[in-house]
Amino acid sequence: MLYNWNSNQASIKSNMVRAYKQEHVYKHPWERVTSASWRKFTDPENKRILSHVLEVDTLNWKLDRESGKLYTTRAVTVHAPGPWFIRKIIGQDICHCVESTVVDARTQSMQLTSRNISLQKFIEVEEKIRYHPHPDNPSEWTLCQQETSIRIKPLSALASMAEKIEQRCVEKFLQNSAKGREVMERICKYLEAESRGIAL
């Protein structure tokens, strides 16, 4: 069952790959939403909600002065996805990922691409998120478009269970996405209040 949280979603299954798309409208301007994205993992309260995220480190960043684009790469360590018994079988409880971000202030676009770099013998996950002004209200709303694909590479003993495992992984990622949106909304409201000089 796909998790629904004020978003449009579609799920596609092909060649043992599960892919889904989500959209969410933040009723905040692009600048505020992208600022919230950078602060998503730093607040102690956010760490409680996003308990699946263990550590985030910035590896490098570069500002291209000609294009005005900012490029960053971060290492993200999370709890390994999937049911607990799969983590027991593979003998690893954490997963290391790389997140690449491109921010174009001129066109008001922020794109994040995340991929796992560990556990690739068992699972491949790619997530793409794009924030840009909503076409219906570009000065005040931001559209978030998310695409995620999950591919389980089953061990011979688990081949018959691969589809169920993929579905469990999708459900977990959808739950984590909902938590992420909750955090983003909370930070946006905080930044809005901060800009007005109001203490929350």
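Residues numbered from 1 in each chain as written. Predicted model: local features only at pLDDT ≥ 70, side-chain atom pairs only at ≥ 80, totals over all residues. Heavy atoms only, no water.

Enquirer: Which parts of the structure should I look at to understand the environment of Q145?
Expert: Mapped onto the fold, Q145 is located in strand β8 (residues 142–152). Judged by its relative accessible area of 27%, Q145 falls in the partly exposed class. Here the alpha-carbon distance between Q145 and K21, two residues 124 residues apart in the chain, equals 7.4 Å. Sequence-distant contacts of Q145, defined by excluding residues within four places in its chain, comprise Q22, E23, K128, I129, R130 and H132. Side chain to side chain, Q145 and E23 meet in a polar contact 3.1 Å long. (Helix = DSSP H or I, 4+ residues; strand = E, 2+ residues; numbered from the N terminus. Buried < 20%, exposed > 50% of the residue type's maximum accessible area, 1.4 Å probe, protein only. Contact = heavy atoms within 4.5 Å. Polar contact = N/O pair within 3.5 Å; in protein donor to acceptor, adjacent residues only side chain to side chain.)

Enquirer: Help me understand the state of the cysteines in this model?
Expert: What the rule picks out here adds up to zero disulfides. No disulfide involves C95; its sulfur sits 4.2 Å from that of C97, the nearest cysteine. (Disulfide = S-S within 2.5 Å.)

Enquirer: Sorry, what's going on with the packing of aromatic side chains here?
Expert: How two aromatic rings sit relative to each other is given by the distance of their centres and the angle of their planes. This structure, assessed with the given rule, holds one aromatic pair. Judged by centre distance (6.4 Å) and plane angle (55°), the rings of Y26 and Y131 are tilted. Placement of Y26 in strand β2 (residues 17–26) and of Y131 in strand β7 (residues 123–133) is noted, with a sequence separation of 105 residues between them. Judged on exposure class, the residue Y26 and its partner Y131 are both buried. (Phe/Tyr/Trp six-rings, centres within 6.5 Å; stacked < 30°, edge-to-face > 60°.)

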